[in-house]
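Structural description and commentary
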Amino acid sequence: MRRGSYFYYRRNLEGKEYVQHCRCYVPTSGAPTSVYDTMPTGPDAPSEHIILDENVKALELAYYSIGAFKVSPNNKLVAYAEDTKGDEIYTVYVIDAESGMLVGKPLVGAITSYLEWAGDDALVYVTMDEILRPDKVWLHKLGTNPLDNSCLYHENDETFSLDLQASESKKYLFIASESKITRFVFYLDTLKPENGLVVLTSRVTGIDTSASHRGNHFFIKRRSDECFNSELLACLVENISATTVLLPHRPSIKLQDIQLFTDHLAVHERENGLPRITVYRLPAVGEPLERLQGGRAVDFVDPVYSVDPLESEFESGVLRFSYSSMRTPPSVYDYDMDTGVSVLKKNETVLGGFDASNYVTERQWATASDGTQIPISIIYQKNLVKLDSSDPLLLYGYGSYEEGTRKAYTLSSICIDPTFKASRFSLLDRGFIYTIAHIRGGGEMGRQWYENGKLLKKKNTFTDFIACAEYLIDKKYCSKEKLCINGRSAGGLLIGAVVNMRPTLFKAAVAGVPFVDVVTTMLDPTIPLTTSEWEEWGDPRQEEFYSYMKSYSPVDNVKAQNYPDILVTAGLNDPRVMYSEPAKFVAKLRDMKTNDNLLLFKCEMGAGHFSKSGRFEKLQEDAFTYTFILKALNMLGSDQQ
């Protein structure tokens, strides 16, 4: 990634768990950025400098993760946030980019990974309260005692959490306070951080806003009950009260995010369950902004796929994004926003003779109990699968939290798009079909898809998943005896709920760090995340929500019945789903289930919500999960049983 006069990059070393953070000079730094630019290599290339080697930092640590790695605008300093337990509580260090020497004292306490530079000599960061809710934003001037840092804002409402982002122009920082349905924004001038925060969008229940900046305008994405898929507005920096609609609300297209450039705007959207990018040319800075028209859509080739925005140079005409599908390895493209030319810059290497043409990807639609059409993404090895009900199948589901590119401190916050995962091919090359059920409660099909799978409609998530399973059986992708299911976190809740509801529909189930003790957790505001989750699941202190949550909470609905083979995992340091929840679920299953099928509980003692931190350690976890599934299907050799 080019930043000014440097190329910055990360490198994996053979046999090492973690990455090195490196940089080198751009020999032609005066030339404009092009999609054809490449970083020079070889004996004549500029010398490389290793800024930080995570492998060195992680020595003798069971867990190591860098949550933020931020280079100062003048490229002289680096601030990074380090977690050594998996509890998502970070220590922030500032180092000299050349020497690696520590600059000043580390920032310690209940610090999040939200970290941004305010100019070259000040940092803005966010801390959490005792229930790990991001509640305060701070300004730290380099060279001063961290105890003297000034608090820019304190959010006292326990249902709201803070977010921090820099504009693409780097001239403003945006501090947002958000609940599940409301979000309002302040801005901070990075050249005058001592002036403090200024209100950009006001706090109005049910209105969700996010912002960015270019020239003399702020750009504001705004969602409301009427504009449920969001609209895009612009206002002058000097007159924020007068807004212009650039992109109106469209009921069938969700406005997901935007990326701003000096002369362009890239709009990330979703339609029919798939992401897309539309690029617009903007008028010159200083000229009036009016409704956008004539955008250019970026073309993608697979029937189901995933696209994610990547950091791009604000002052260039090059948009960078990551593309993958269930059969296409993650690929980084540079896209010329004037010509429409895409250039592949890098794709992930897949070992073992991988050939994408051996695999088929499909999009099918199951019919839910109320007639709603539920999309299913499918992949299989075309030379192995028979599609006669005899094939083993793994069905994955999640179904919560809508879209979360800007929200990091919920249980999880992602659409489950059909992305690539190399370890998955270990199953596909054994004849498995792998499928994803894009059920209600997620954001794959827009805001209303999410609204129809939360609060008092949460059971739609579970019945949608069951409908997808029955569809796959009916269409001969598998049989009940070959159907395995998997989900993590809120997806673990899904797994717990459906094995209680329809235990004989599945052969094996994997519930990763599952949120399964819903009522007890939501009744306790001293547990991390509880207060901010009431707008997602409901507040069980109210009788209507208590009764509804009690009717599906997995721990509260374990019965004396036969269950499939089940694997449940947990992380000892998990701040999102405390290990006691899955442990309690397993204990109740052991007490009440009426058959001898496998029931395994695996707690990682040196990790949190996202399992172990090393890249090979993550592969070991996949191998363990897949081995469990293969054993349940009696697909292991006698020497492996």
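Residues numbered from 1 in each chain as written. Predicted model: local features only at pLDDT ≥ 70, side-chain atom pairs only at ≥ 80, totals over all residues. Heavy atoms only, no water.

Points about the pairing of strand 32 (residues 483-488)
Basically, it comes down to this: Under the scheme applied here, a residue whose accessible area is under 20% of the maximum for its type counts as buried, over 50% as exposed, and between as partly exposed, the area being computed with a 1.4 Å probe on protein chains only. Put simply, DSSP marks the helices as runs of H or I at least four residues long and the strands as runs of E at least two long, and each gets a number from the N terminus on. Two strands qualify as a pair provided that DSSP identifies no fewer than 2 bridges between them.
Counting buried residues in strand 32 gives five out of six residues, a clear majority hidden from the surface. Pairing of strand 30 (residues 393-397) with strand 32 involves four bridges; the strand directions are parallel. Bridge pairing links L395 to I485 in strand 32. Note that strand 32 and strand 33 (residues 508-512) share five bridges and pair parallel. Note on strand 33: the bridge partner recorded for G487 is A511.

A short note on the UniProt feature "domain: Peptidase S9A N-terminal" (unreviewed entry) in the protein
What counts, and what does not: UniProt positions are given in the numbering used here, feature names are shortened, and annotations may be inferred rather than shown by experiment.
The residues that UniProt annotates with the feature "domain: Peptidase S9A N-terminal" (unreviewed entry) are residues 1-346. Across residues 1-346, helical content stands at 1% and strand content at 50%; the span's end C-alpha atoms are separated by 12 Å.

Brief notes about the pairing of strand 26 (residues 331-336)
Relative to strand 26, strand 25 (residues 318-324) runs antiparallel, the two being bridged by six bridges. Bridge pairing in strand 26 links L319 to Y335. With antiparallel pairing between neighbouring strands as the criterion, strand 25 and strand 26 make up a hairpin whose turn holds six residues. Pairing of strand 26 with strand 27 (residues 342-347), which is carried by five bridges, proceeds in the antiparallel orientation. Residue Y335 lies in a different strand from strand 27, and its bridge partner there is S342. Between strand 26 and strand 27, which pair antiparallel in sequence order, lie five residues; one of them, G340, sits at a positive phi of approximately 80°.

Overview of the UniProt feature "domain: Peptidase S9 prolyl oligopeptidase catalytic" (unreviewed entry) in the protein
Mapped onto the present numbering, the UniProt feature "domain: Peptidase S9 prolyl oligopeptidase catalytic" (unreviewed entry) falls at residues 419-634. A distance of 28 Å separates the end C-alpha atoms of residues 419-634, which is 41% helix and 13% strand.

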